[in-house]
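# Breakdown of the fold
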Amino acid sequence: MNGGLAESASDSAPRSEPGWGASDLLAAFLGGRDYPCPCCGYNLRDLTSDCCPECGDVLVLRVGSAHPRLAWFVTGLVGISVGFGFNLVLFAWAIVSHFSAGYPGFDQPEMIWIVVATPMLCALVVAWVLGRRWVTPRPAAARWSLALLAWALGLGGSFAFFGIAM
Ligand SMILES: [Zn+2]
C-alpha cells in the first residue's frame, strides 16, 4: 500500500516496532500539519496519540513507494478474471440446466471442461493476488510477461470451451 502517510493500522503493518518510537514519529509528523484520518477524514492536526479521536482507529506512519508498480498486476488480474467469470457463468448455467427438464446440463462434453476449468481459474485468481508481493520486485519484462500469460490463460480457458463445443 502507498499513498497516505498516516494509514490505518488494520491493513498489515505492525502497530509499532520496539525502540522505534513510532507514536512519537506520528505525533511529530502531525504537529502543526493538517492531515485527514484515512478512515473518517477527521483532521488529525496536533494529535499526540496513535488513535483517531473521532473514530478510534489506530494510526501508523509509513514509507510509501512513489511508483507502486500496480499496472502489471491489475492487467493480469483482469485477464484471469475475464476467463474465470466466463467459465463461472457457464458453470452456473449448467447447474440450472441440470435441474431443468429438457436441457442437457452436464451431459454435454464441453461442460466437463467447465467443471475442470472453473476451479482452476479460481485458483489462478487467488494465486495472482497472493503472489503479487513476490512478483512486484522482479524486472518489468518478467512482470509484464506474467500479465500476458494471465491474459492467455484467461482467454484460452474461455475459447477452449468453444473449441470443445464446436
Ligand atoms: Zn478517524
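Quantities reported herein were computed from a predicted structural model and do not represent experimental measurements.

### Digging into the packing of helix α3 (residues 109–130) against helix α5 (residues 140–165)
- Closest axis-to-axis distance for the α3/α5 pair is 9 Å, and the angle between their directions is 175°. The angle between α3 and α5 falls in the class roughly antiparallel. Here Pro-109, Glu-110, Trp-113, Ile-114, Ala-117, Leu-121, Leu-124 and Trp-128 of α3 lie close against α5, whose contacting residues are Ala-150, Leu-153, Gly-157, Ala-160, Phe-161, Ile-164 and Ala-165.
- Of the residues in the contact of α3 with α5, the class split is 13 nonpolar, one polar and one charged.

### Observations regarding the nonpolar core
- With 16 residues, the main nonpolar core has Ile-80, Ile-114, Leu-121, Leu-124 and Ala-150 as its most contacted residues.
- Those elements that provide at least two residues to this core are α2 (71–98), α3 and α5.
- When residues in this core are grouped by element, the largest group, seven residues, is from α2.
- Leaving out residues up to four positions away in the same chain, Ala-150 has contacts with Gly-76, Gly-79, Ile-80 and Trp-128.
- Within the second largest apolar cluster, 10 residues are counted, among which are Leu-30, Cys-37, Leu-44 and Leu-47.

### Some words on unusual backbone geometry
- At Asp-46, a position not held by glycine, the phi torsion is positive, near 65°.
- Mapped onto the elements of the fold, Asp-46 is located in the loop between α1 (22–30) and β2 (59–61).
- With phi around 55°, Arg-69 is a residue other than glycine that occupies positive phi space.
- Tracing the chain through its elements places Arg-69 in the loop between β2 and α2.
- Residue classification places Arg-69 among the partly exposed positions, given that 14 C-beta atoms sit within 10 Å.

What counts and what doesn't
- Residues numbered from 1 in each chain as written.
- Predicted model: local features only at pLDDT ≥ 70, side-chain atom pairs only at ≥ 80, totals over all residues.
- Axes fitted to C-alpha atoms, helices over the stretch in contact; angles between N-to-C directions.
- Helix = DSSP H or I, 4+ residues; strand = E, 2+ residues; numbered from the N terminus.
- Parallel < 35°, antiparallel > 145°, perpendicular 65-115°, else oblique.
- Contact = placed C-beta atoms within 7 Å.
- Nonpolar A, V, L, I, M, F, W, Y, C, P; charged D, E, K, R; others polar.
- Core = buried A, V, L, I, M, F, W, Y, C linked by C-beta atoms within 7 Å.
- Buried ≥ 20, exposed ≤ 12 C-beta atoms within 10 Å, placed from the backbone.

By themselves, these observations are geometric and do not establish any function.
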